[in-house]
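# Coordinate analysis (summary)
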Amino acid sequence: VYFTITGVPGGDPIDLTAPPAKGSTDPATNKMVISYSDAYNQYPSLPWTATFVGSDNGDSILDPGEMAQINVDLSGVNDGAGAAAEKLLAYHLFTLEVKPNNGPTLTIERTVPGQVSKLTNLR
C-alpha cells in the first residue's frame, strides 16, 4: 500500500529515516512507526520505505513544502492470520496508523474492494 504525505507550512519537520532491517535490534533508527490493525490482527510496526516526490533537499527529513510517497509492506499480514476470514482479502476493513516522531498520528481506514488488480485505488 502506498500513500503520499506532505510537510505542512509552519509545522514541524518529520524524520523519515527508514525503519531498521527485519531482525535488527536497533530501535534508534526507527523514527516513524506505521502500525496495522483489523478485527483479527494487530501489528505494532510494519516495514515501510519513503521516496521523496518533487523537490527535496536531499536529507531524510520531510520539511514543510516537501512531499514523500510512503510504501507500506503488508505482505506479512496474512502470515499471522488463522482462518481465511482473518486474511486481508476482498471486503476486509483495515486501519493503518502513521505515528511520526513528533506531531499527530495519521489514521487511514480502508476496505479492500471486491476485485483487486495490480493497481487499485482504495479511496
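Note: the structure precedes this text.
Residues numbered from 1 in each chain as written. Predicted model: local features only at pLDDT ≥ 70, side-chain atom pairs only at ≥ 80, totals over all residues. Heavy atoms only, no water.

## Examining the pairing of strand β1 (residues 2-6)
- By the alternation rule, side chains of β1 split into F3 and I5, which are all buried, and Y2, T4 and T6, of which none is buried.
- Direction of pairing for β1 relative to strand β7 (residues 67-72): antiparallel, over a ladder of five bridges. Note that in β7 the partner of T4 across the bridge is Q69. (Buried < 20%, exposed > 50% of the residue type's maximum accessible area, 1.4 Å probe, protein only. Helix = DSSP H or I, 4+ residues; strand = E, 2+ residues; numbered from the N terminus. Pairing = 2+ DSSP bridges.)

## Topic: the nonpolar core
- Core analysis: the biggest nonpolar cluster contains 22 residues, and F3, I34, Y36, I70 and L96 have the highest contact counts within it.
- Broken down by secondary-structure element, the contributors of at least two residues to this core are β1, β3 (33-37), β7 and β8 (93-99).
- Setting aside residues no more than four positions away along its own chain, Y36 makes contact with N41, Q42, Y43, L46, L74, V77, L88, H92, F94, T95 and L96. (Core = buried A, V, L, I, M, F, W, Y, C linked by side-chain atoms within 4.5 Å. Contact = heavy atoms within 4.5 Å.)

## Some details on the sheet that holds strand β5 (residues 48-53)
- Strand order in the open sheet made by the three strands is β1-β7-β5, with antiparallel pairing throughout. Strands at the two margins of the open sheet, each flanked by one partner only, are β1 and β5. Neighbour-to-neighbour, the strand axes of this sheet turn through a mean angle of 25°, independent of strand direction.
- Note that β5 and β7 share six bridges and pair antiparallel. (Axes fitted to C-alpha atoms, helices over the stretch in contact; angles between N-to-C directions.)

## Looking at the environment of A68
- Within the secondary structure, A68 sits in strand β7.
- The class of A68 is buried, set by a relative accessible area of 0%.
- On a C-alpha basis, the gap between A68 and P100 in space is 13 Å, while along the polypeptide they are 32 residues apart.
- Among all residues touching A68, those that are not within four sequence positions of it are F3, T4, I5, L16, T51, F52, V53 and L62.

## Examining the pattern of salt bridges
- Inspection of the entire model under this criterion finds one salt bridge.
- Residues E97 and K99 are paired through a salt bridge, measuring 3.6 Å at the closest nitrogen-oxygen approach. (Salt bridge = Lys/Arg side-chain N within 4 Å of Asp/Glu carboxyl O.)

## Focus on the sheet that holds strand β4 (residues 42-43)
- Spatial strand order, β4-β3-β8-β9: four strands in an open sheet with antiparallel pairing. Only two strands of the sheet have a single neighbouring strand rather than two, namely β4 and β9 (106-111).
- Bridge analysis of β8 against β9 gives six bridges, and the strand direction is antiparallel. In the sheet register, L96 faces β9, and the bridge partner there is I108.

## Some points on unusual backbone geometry
- Unlike most non-glycine residues, Y91 shows phi in positive territory, near 65°.
- Summarising the element assignment, Y91 is placed in the loop between β7 and β8.
- Judged by its relative accessible area of 65%, Y91 falls in the exposed class.

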